[in-house]
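Residues per chain, in single letters:
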Amino acid sequence: MVKLTRRQVLATSLAVPVLAASGARAATYQVTIQGFAFNPAAFKVAAGDTVIFINADGSSHTATAKDGAFDTGKIAPGQSVEVTIPAGSHDFVCSYHPSMTGNATAE
Ligand SMILES: [Cu+2]
């Protein structure tokens, strides 16, 4: 039987919280598209977080960043597409319906 020193025991007990902290760093958010609008239309996340765009409308939509940071492509009715938001302030629009606008800011 291997006897652990005090130092080894401490190293082992510290490993779990560090892994948990790094796993919690990236979060996932939901934006619902309904009534030809994004809800929420403007939101802030951390860089690298995931946003799922859910199309609850009867028409297809996109969420397309004007600066090219992300693009869901066509989201058919009842479908969802997830994208990763890079750092920066990104205005986005539905490429089919230019009146549908929003802003995703990641820091
Ligand atoms: Cu649209």
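A short tour of the structure in this document, coming up. (Residues numbered from 1 in each chain as written. Predicted model: local features only at pLDDT ≥ 70, side-chain atom pairs only at ≥ 80, totals over all residues. Heavy atoms only, no water.)

## Digging into the overall build of the protein chain
- Secondary structure assignment for the protein chain yields one helix and eight strands.
- Counted over contacts in the protein chain with a minimum sequence separation of 6, partners at least 24 positions apart contribute 46%. (Helix = DSSP H or I, 4+ residues; strand = E, 2+ residues; numbered from the N terminus. Contact = heavy atoms within 4.5 Å.)

## A word on the coordination of the copper ion
- With distances of 2.0 to 2.1 Å, the protein atoms coordinating the copper ion are His 61 (ND1), Cys 94 (SG) and His 97 (ND1).
- For His 61, a relative accessible area of 0% puts it in the buried group.
- Here His 97 falls in the partly exposed class, since its relative accessible area comes to 21%. (Donors = N, O, S within 2.8 Å, 3.2 Å for Na, K, Ca; no water. Buried < 20%, exposed > 50% of the residue type's maximum accessible area, 1.4 Å probe, protein only.)

## Points about the sheet that holds strand E3 (residues 42–45)
- Read from one edge of the open sheet, four strands run E3-E8-E7-E5, paired in mixed fashion. Lying at the two open borders of the sheet, with one neighbouring strand each, are E3 and strand E5 (64–65).
- When E5 meets strand E7 (residues 88–93), the two strands line up antiparallel, connected through two bridges. Bridge pairing in E7 links Ala 65 to Phe 92. (Pairing = 2+ DSSP bridges.)

## Remarks on the side chain of Thr 64
- Tracing the backbone shows Thr 64 in strand E5.
- Take Thr 64: its relative accessible area is 17%, and that puts it in the buried class.
- A polar contact is formed between the side chain of Thr 64 and the side chain of Asp 71, at a distance of 2.8 Å. (Polar contact = N/O pair within 3.5 Å; in protein donor to acceptor, adjacent residues only side chain to side chain.)

## Looking at the packing of aromatic side chains
- For the coordinates displayed, the defined rule picks out six aromatic pairs.
- Arranged with centres 6.1 Å apart and planes meeting at 50°, the rings of Phe 43 and Phe 92 form a pair that is tilted. In this pair, Phe 43 sits in strand E3 while Phe 92 sits in strand E7, placing the two residues 49 residues apart along the sequence.
- For Phe 43, a relative accessible area of 12% translates into the label buried.
- Aromatic rings pair up to connect Phe 38, Phe 43, Phe 53, Phe 70 and Phe 92 into one cluster. (Phe/Tyr/Trp six-rings, centres within 6.5 Å; stacked < 30°, edge-to-face > 60°.)

These figures come from the coordinates and say nothing about function on their own.
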